[in-house]
Amino acid sequence: MAAASLVVAAFAWDASERATEPFPFAAVDLIRGQAITSEQIVWRAIPTGSLMMPNLTSVSALISINAGDPIVPSLVSSAPPLPPESWAVPISLPLGTGPGMLVKLVFVDGSATTGIVIQPASEDSFGLVSDGLVAVQGAIADSVALAASNGDLVVLIEP
């Protein structure tokens, strides 16, 4: 009886250690905003259920990811990648704007610039609306951020 229990326990231990699944890891260093392609991913076996699998369809890196790091959902975004030389600025956006939409940002003095919605505004279960993120060129990012924080910025969207 004890021998049978030992065999069953050994089998369960062995089976639990071998239950693995393929998981994506960065094959190369990825910079923030870089689109992630299959050539930049290496698949490694990890214990089943140890990490949550990300959606890797049309995603970009939210932050820099080092080669060898696991690619988990919190590190990727399905939003369009940040254009080169751009900064993401938190701005109060109308609900219904979507990732990739072009917006016109008008300053209180009447001057304007354009931006691309990277992350739309969202509404939580209490009805509170969070700011979205808009990519603007680095040369104007300071002015856009200051105007947005002072409430001196109007966001225009094309219908």
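See above for the structure.
Residues numbered from 1 in each chain as written. Predicted model: local features only at pLDDT ≥ 70, side-chain atom pairs only at ≥ 80, totals over all residues. Heavy atoms only, no water.

Caption draft 1: Up close: the overall build of the protein chain. Regarding its fold elements, the protein chain presents two helices and eleven strands. The order of α-helices and β-strands along the protein chain, N terminus first, is α-β-β-β-β-β-β-β-β-β-β-α-β. Accessible area for the protein chain stands at about 10,000 Å²; split by element, carbon and sulfur atoms hold 62% of it. (Helix = DSSP H or I, 4+ residues; strand = E, 2+ residues; numbered from the N terminus. Areas by Shrake-Rupley, 256 points an atom, 1.4 Å probe, with all protein chains shown as cover.)

Caption draft 2: The nonpolar core, seen in detail. Judged by nonpolar contacts, the single largest core of 15 residues is most densely connected at Ile91, Leu93, Leu105, Val134, Val136, Val144 and Leu153. Only strand E5 (86-91), strand E6 (102-107), strand E10 (132-137), helix H2 (138-150) and strand E11 (153-157) provide two or more residues apiece to this core. In this structure, Phe25, Ile41, Ile46 and Ile71 belong to the second largest nonpolar core, which totals 14 residues. (Core = buried A, V, L, I, M, F, W, Y, C linked by side-chain atoms within 4.5 Å. Buried < 20%, exposed > 50% of the residue type's maximum accessible area, 1.4 Å probe, protein only.)

Caption draft 3: Main features of the sheet that holds strand E7 (residues 112-119). Read from one edge of the open sheet, five strands run E5-E10-E7-E6-E11, paired in antiparallel fashion. Each edge of the sheet is formed by a strand with only one pairing partner; in this case those strands are E5 and E11. Going from strand to strand, the sheet's axes swing by 40 degrees on average, the running direction of each strand aside. With six bridges connecting them, E5 and E10 associate as antiparallel partners. Within E10, the position partnered with serine 86 by the bridge is glutamine 137. Lying on the sheet, H2 is in contact with E5, E6, E7, E10 and E11; it crosses E5 at an angle near 10 degrees. (Pairing = 2+ DSSP bridges. Axes fitted to C-alpha atoms, helices over the stretch in contact; angles between N-to-C directions. Contact = heavy atoms within 4.5 Å.)

Caption draft 4: Spatial organisation of H2. The end-to-end C-alpha distance of H2 is 19 Å, a good match for the 18 Å that 13 residues give at a rise of 1.5 Å each. On its buried face, H2 is in contact with E5, E6, E7, E10 and E11. Once H2 finishes, glycine 151 follows within two positions and takes phi at roughly 80 degrees, a positive value. (Expected span 1.5 Å × (residues − 1).)

Caption draft 5: Representation of unusual backbone geometry. With phi around 50 degrees, serine 58 is a residue other than glycine that occupies positive phi space. Along the polypeptide, serine 58 turns up in the loop between strand E2 (41-47) and strand E3 (60-61). The residue glutamate 85 is not glycine, and still its phi comes out positive at about 65 degrees. Residue placement: glutamate 85 occurs in the loop between strand E4 (76-77) and E5.

Caption draft 6: Quick peek at the pairing of E10. Two strands pair when backbone bridges link them, and E7 and E10 are joined in this way by three bridges, in the antiparallel orientation. The residue of E10 that forms the bridge with valine 117 is valine 134.

Caption draft 7: Geometry of the packing of aromatic side chains. In the structure shown here, the tally under the stated rule is one aromatic pair. On the numbers, 6.1 Å between centres and 75 degrees between planes, the contact of phenylalanine 23 with phenylalanine 25 is edge-to-face. According to the relative accessible area criterion, phenylalanine 23 is buried, its value standing at 0%. A cation over an aromatic ring shows up here: arginine 44 above the ring of phenylalanine 25, its NZ or CZ 4.8 Å from the ring centre. (Phe/Tyr/Trp six-rings, centres within 6.5 Å; stacked < 30°, edge-to-face > 60°. Lys NZ or Arg CZ within 6 Å of the ring centre and 35° of its normal.)

Caption draft 8: Structural view of the side chain of serine 77. Relative to the helices and strands, serine 77 resides in strand E4. Of the residues examined, serine 77 reaches a relative accessible area of 17% and is grouped as buried. Setting aside chain neighbours within four positions, we find serine 77 in contact with Ser58, Val59, Ser60 and Leu62.

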